[in-house]
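Survey of secondary and tertiary structure
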Amino acid sequence: MENWDVVILGAGAAGLFCGGSLRELAPHLRVLLLDHASRAGEKIRISGGGRCNFTNLATQPSRFHSANPRFAASALAGYTPEDFVALVERAGIAWHEKTAGQLFCDGKSTQIIGMLHRRMAGVEMRLGVAVEGVAPRPNGFKVSTSSGAITASRVVLATGGKSIPKMGASPVGYAIAESLGLRLTETRPGLVPMTFAEQDLDLCRPLAGISVEATVTVGRTSFRDALLFTHRGLSGPVILQASSLWLPGQPVVIDLAPDAGLAARLREARGATPRRAVATVLGSVLPERLAQAIAGDGDSGARIGAMGNAAAEALAARVHRWQIRPVGTEGYRTAEVTMGGVDTRDLDARTLQVRKVPGLHIIGELVDVTGWLGGYNFQWAWASAHAAAKAI
Ligand code: FDA
């Protein structure tokens, strides 16, 4: 049976980065990287609309969802966004900051994949090999694959989450973790479009294409970013963010004009410009078609001066506290990430090593650490991979 010093399972963001970090930190080790896909780093290729939002300068543990939000702190501190930017610059890849802290390639995300490949020159990569299981044995592990068994002193499990099976995602990592007695937290799709009931679609569909900056609140957490009306309901970054926290049956509360102070504005307009149409007053804080839809209720020509206190307050509430109850999400078919995963209580935060299985490290999306939208998930992939490589 072939024997390796380290076998990395999964050639996605975390696996590729771990291979490169091992070349830098421990060049004497013989490292094998396996993936069942025909190409490595497929999610990197399609990420960020093809330009890869490769990190976020505002990275900190509070930007991650986990049953233990402090777990990610050690790895994130050990490999920072600035470290990754330095790598990108050394590779001559031009980049720009899009929205606050989100860094993208000027060119294509394949530049990042190319950089990761060059960084791990010397690591043997085999594609088209499906991982089936990992079993501890004296002084290491036996890894079962579709092309036979391999042994290794150390194994890094980096097979990612369940999202987008079409791109190679599989639940094998969770199954391997469970087979070794590790605990899993509940998994569900995250950063995913939500779906809506027919009566809500009746409102949204005619507004398709309109975008506003909105605050969306789920439970006690609020996100502020762009919201987009679509034929399928609501989308845009702020809806994806909210989806990661949303649980079936929960309402989401939307403020369509967070800085407008609409109640005061309506009061003032009733006194100062009583003959103005309600829709026109709303139009000063919302796109025209949206203002008409909200003011309308069949009578978009109504005058602001004729509006009573209760009606004005109800209108302000419809804009600032619009409550809508999604019926579901589009699921793993389109989700960018998987929430939950390998329970962090079973992992050492500094090394990502499994506490009760020395020599096995679990990194990337498979772990119960999921970033907000905006480059945080790749930063976790790089940082967790680097932490494991440093320990090996
Ligand atoms: P990843 O999924 O990258 O890699 C896992 C690897 O394991 C895959 O190559 C897979 O083929 C392989 N594998 C699975 N089962 C196997 C088996 N049985 N045998 C062998 N190999 C197996 N994040 C971000 O920070 N910025 C962004 O711009 C985006 N954009 C984005 C867009 C879209 C459409 C998606 C779906 C996701 C993003 N993300 C993102 C999220 C980001 O892509 C994700 O968090 C990382 O790729 C996770 O890295 P991992 O290496 O953990 O898993």
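Residues numbered from 1 in each chain as written. Predicted model: local features only at pLDDT ≥ 70, side-chain atom pairs only at ≥ 80, totals over all residues. Heavy atoms only, no water.

**A few points about the site of the ligand**
Taken together, 31 residues lie near the ligand, and A14, D35, S170, E365 and F378 sit nearest. Within the side chain of D35, one N or O atom sits 2.6 Å away from an oxygen atom of the ligand. Between F378 and the ligand, the recorded distance is 2.8 Å, taken from a backbone N or O atom to an oxygen atom. Protein chains bury 93% of the 1000 Å² of accessible surface belonging to the ligand in isolation. Of all the secondary-structure elements, those providing two or more residues to the shell around the ligand are α1 (13–25), α2 (42–46) and α13 (376–391). Considering every element that reaches the shell around the ligand, the biggest residue donor is α13, with 3 residues. When grouped by side-chain class, the residues that make up the shell around the ligand number 14 nonpolar, 13 polar and 4 charged. (Near = heavy atom within 4 Å. Polar contact = N/O pair within 3.5 Å; in protein donor to acceptor, adjacent residues only side chain to side chain. Areas by Shrake-Rupley, 256 points an atom, 1.4 Å probe, with all protein chains shown as cover. Helix = DSSP H or I, 4+ residues; strand = E, 2+ residues; numbered from the N terminus. Nonpolar A, V, L, I, M, F, W, Y, C, P; charged D, E, K, R; others polar.)

**A word on the side chain of S384**
Here S384 is to be found in helix α13. A polar side-chain atom of S384 sits 3.1 Å from the main-chain amide nitrogen of G364. Setting aside anything within four residues of it in sequence, one finds S384 in contact with A75, L352, I363 and G364. (Contact = heavy atoms within 4.5 Å.)

**Concerning the packing of α1 against helix α5 (residues 110–119)**
Running from N to C, α1 and α5 point in directions that differ by 35°, and their axes come no closer than 8 Å. In this structure, the crossing between α1 and α5 has a hand that is left-handed. For the pair α1 and α5, contact is made by L16, F17, G20, S21, R23 and E24 and by L116, H117 and R119, respectively. Taken together, the residues of the contact of α1 with α5 break down into 3 nonpolar, 3 polar and 3 charged. (Axes fitted to C-alpha atoms, helices over the stretch in contact; angles between N-to-C directions. Left-handed = near helix turned anticlockwise from the far one by under 90°.)

**Observations regarding the sheet that holds strand β5 (residues 95–97)**
Spatial strand order, β3-β6-β5: 3 strands in an open sheet with antiparallel pairing. Each edge of the sheet is formed by a strand with only one pairing partner; in this case those strands are β3 (53–56) and β5. Strand-to-strand, the axes of this sheet are offset by a mean angle of 25°, without reference to chain direction. With 3 bridges joining them, β3 and strand β6 (residues 102–105) adopt antiparallel strand pairing. The partner of N56 across the bridge, within β6, is Q102. (Pairing = 2+ DSSP bridges.)

**Focus on the side chain of D255**
With respect to the element layout, D255 can be found in strand β16 (residues 252–255). Look at D255: it is buried, it has no salt bridge, and the nearest opposite charge is R224 at 7.4 Å. Polar contacts involving the side chain of D255 include one to the side chain of H320, which spans 2.9 Å. Apart from the residues within four sequence positions on either side, D255 is in contact with E213, A214, T215, V319 and H320. (Buried < 20%, exposed > 50% of the residue type's maximum accessible area, 1.4 Å probe, protein only. Lys, Arg positive; Asp, Glu negative; His and termini not counted. Salt bridge = Lys/Arg side-chain N within 4 Å of Asp/Glu carboxyl O.)

**A closer look at the pattern of salt bridges**
Taken as a whole, this structure holds 12 salt bridges when the rule is applied. Of the charged contacts, one joins R126 and E124 as a salt bridge, the two residues approaching to 3.0 Å between their closest N and O atoms. Note on E124: relative accessible area 34%, which makes it partly exposed. The closest approach of N and O atoms between R345 and D343, which form a salt bridge, is 2.8 Å. Here the salt bridges share partners, and the residues they tie into one network are E2, E124 and R126.

**Re the sheet that holds strand β13 (residues 211–218)**
If you walk across this open sheet you meet the 5 strands as β15-β14-β13-β16-β17, and the pairing is antiparallel. The open sheet has two free edges, formed respectively by β15 (233–235) and β17 (322–324), since each of these has just one partner strand. Taking each pair of neighbouring strands and ignoring which way they run, the sheet shows an average axis angle of 40°. Sheet analysis places β13 next to strand β14 (residues 221–230), joined by 8 bridges and oriented antiparallel.

**Examining helix α11 (residues 288–296)**
Taken residue by residue, α11 has L290, A291, I294, A295 and G296 as its buried positions. Of the surrounding elements, those touching the buried residues of α11 are β13, β14, α10 (278–282) and α12 (309–320).

**A few points about unusual backbone geometry**
Positive phi is not limited to glycine here, since C52 has a value of about 55°. With respect to the helices, strands and loops of the structure, C52 is situated in the loop between α2 and β3. Taking relative accessible area as the criterion, C52 reaches 0% and is therefore assigned buried. One non-glycine residue with positive phi stands out, namely I164, at about 55°. Within the secondary structure layout, I164 lies in the loop between β10 (148–157) and α6 (172–179).

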